[in-house]
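Residue-level listing of the chains:
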Amino acid sequence: MTAEPYFFGYGSLVNRATHDFTDPHPARLSGWCRAWRHTDLRPVAFLTAIPAPGTEIDGLIAHVPGADWDALDQREWAYDRLPATGSVNHPVTKPIDVAVYAVPESRHTAPTDRYPILLSYLDVVIQGYLREFGEAGADRFFATTTGWDSPILDDRRAPRYPRHQQLTADQSGFVDDRLAALNARIVKSPKG
């Protein structure tokens, strides 16, 4: 039996509202952590997976029908698609091949004021984690992600992230509380 292609998402792909890939399941990736990084390929900071022996991160796997990676590769165009099958713990019983996207190490640096984290992007990520893993899982996201000393641009009133979602008051409050606990540096958007 041929293994079916799946991806492991650990950021916005955890939020099912941002894509229509089929057969999604919560999963865990071993030997990797998440980091906020800027790449010279994008104007703002995004999450990337970084090899980290002994670390595990929660995420979502989903099927890539017909191994048609084009749409996902375009969405994740600043990333390399890497094999991760042996590192992913998931509930799927049929044979699957899992890939994870990561920015090449030589192409990323810490976020800066010029290339901040977008709060609208973080909101989408946390909304996905709250839906898939509850508050405990969203707290694990914060604990297994590095780079919280990076500037975060508050663009909620005029979201710059193209797949932004409307959060409930509870979801926004959860994000705000966790960022406050991390002493995150929030920068106000010049657009209000």
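Structure first, text after, so check above.
Everything numeric here is computed off the predicted structure, so don't read it as measured data.

Some remarks on empty space enclosed by the protein
- Going through the model one piece at a time under the given rule, you end up with two cavities of 30 Å³ or more.
- When its volume is computed, the largest cavity comes out at roughly 140 Å³.
- Along the wall of the largest cavity there are 16 residues; nearest its centre are S12, L13, E76, Y79 and Y121.
- Listed by contribution, the elements that provide at least two residues to the lining of the largest cavity are β1 (4–9) and β3 (45–63).
- Split into classes, the residues belonging to the lining of the largest cavity amount to nine nonpolar, three polar and four charged.
- There is about 30 Å³ of room inside the second largest cavity.
- Those elements giving two or more residues to the lining of the second largest cavity turn out to be β2 (22–39) and β3.
- Among the residues making up the lining of the second largest cavity, the classes are represented as four nonpolar, four polar and one charged.

Some remarks on helix α3 (residues 169–181)
- With 13 residues, α3 should reach 18 Å at 1.5 Å per residue; the first-to-last C-alpha distance of 18 Å fits that figure.
- Three or more residues of α3 are buried, namely Q171, S172, F174, V175 and L179. Seen end-on, α3 carries its buried residues on one side only, within an arc spanning 155°. Facing away from the buried side of α3 by over 90 degrees, the exposed positions are A169, D170, D177, A180 and A181.
- Those residues of α3 that are buried lie in contact with α2 (119–143), β10 (151–154) and β11 (185–188).

Focus: the pattern of salt bridges
- Applying the stated criterion across every chain yields a total of 11 salt bridges.
- Two residues, D123 and R156, come together in a salt bridge whose shortest N-O distance is 2.7 Å. Linking D123 in helix α2 with R156 in the loop between β10 and α3, this pair joins segments that are 33 residues apart in sequence.
- For K188, the salt bridge is made with D154, and the minimal N-O distance between the two is 3.3 Å.

A few points about the packing of α2 against α3
- Viewed as axis vectors pointing N to C, α2 and α3 meet at an angle of 85°, and their least axial separation amounts to 9 Å. When the axis of α2 is compared with that of α3, the two are roughly perpendicular. Residues L119, L122, D123, I126, Q127, L130, R131, E135, A138, D139 and F142 of α2 pack against Q171, F174, V175, R178 and L179 of α3.

Here we look at the pairing of β1
- Burial analysis of β1 places five of its six residues in the buried class, the great majority of the element.
- Both β1 and strand β6 (residues 96–102) contribute to a ladder of five bridges, which runs parallel. From the neighbouring strand, Y6 faces β6, where its bridge partner is V98.
- In terms of strand pairing, β1 meets β3 through four bridges, oriented antiparallel. Directly across from F7, in β3, lies its bridge partner A62.

Focus: the packing of aromatic side chains
- Within this structure, the stated rule accounts for 12 aromatic pairs.
- Taken together, a centroid distance of 5.2 Å and an interplanar angle of 80° make the contact between F7 and F21 edge-to-face. One end of the pair, F7, is in strand β1; the other, F21, is in the loop between β1 and β2, and 14 residues separate them in sequence.
- On the accessibility criterion, F7 (0% relative accessible area) is buried.
- For F21, a relative accessible area of 17% puts it in the buried group.

Overview of unusual backbone geometry
- Non-glycine residue D23 carries a positive phi angle of around 55°.
- Positionally, D23 belongs in strand β2.
- With a phi angle near 55°, A67 is a residue other than glycine that sits in the positive phi range.
- Position of A67 among the secondary structure elements: in the loop between β3 and α1 (70–75).
- For A67, a relative accessible area of 42% corresponds to the partly exposed category.

About the criteria used
- Residues numbered from 1 in each chain as written.
- Predicted model: local features only at pLDDT ≥ 70, side-chain atom pairs only at ≥ 80, totals over all residues.
- Heavy atoms only, no water.
- 1 Å grid on protein atoms, 1.4 Å probe; cavity = no way out; pocket = protein on both sides within 12 Å on 5 of 7 lines; lining within 4 Å.
- Points joined across faces, edges and corners; volume = space filled by probe spheres on them.
- Helix = DSSP H or I, 4+ residues; strand = E, 2+ residues; numbered from the N terminus.
- Nonpolar A, V, L, I, M, F, W, Y, C, P; charged D, E, K, R; others polar.
- Expected span 1.5 Å × (residues − 1).
- Buried < 20%, exposed > 50% of the residue type's maximum accessible area, 1.4 Å probe, protein only.
- Arc of directions from axis to C-beta.
- Contact = heavy atoms within 4.5 Å.
- Salt bridge = Lys/Arg side-chain N within 4 Å of Asp/Glu carboxyl O.
- Axes fitted to C-alpha atoms, helices over the stretch in contact; angles between N-to-C directions.
- Parallel < 35°, antiparallel > 145°, perpendicular 65-115°, else oblique.
- Pairing = 2+ DSSP bridges.
- Phe/Tyr/Trp six-rings, centres within 6.5 Å; stacked < 30°, edge-to-face > 60°.

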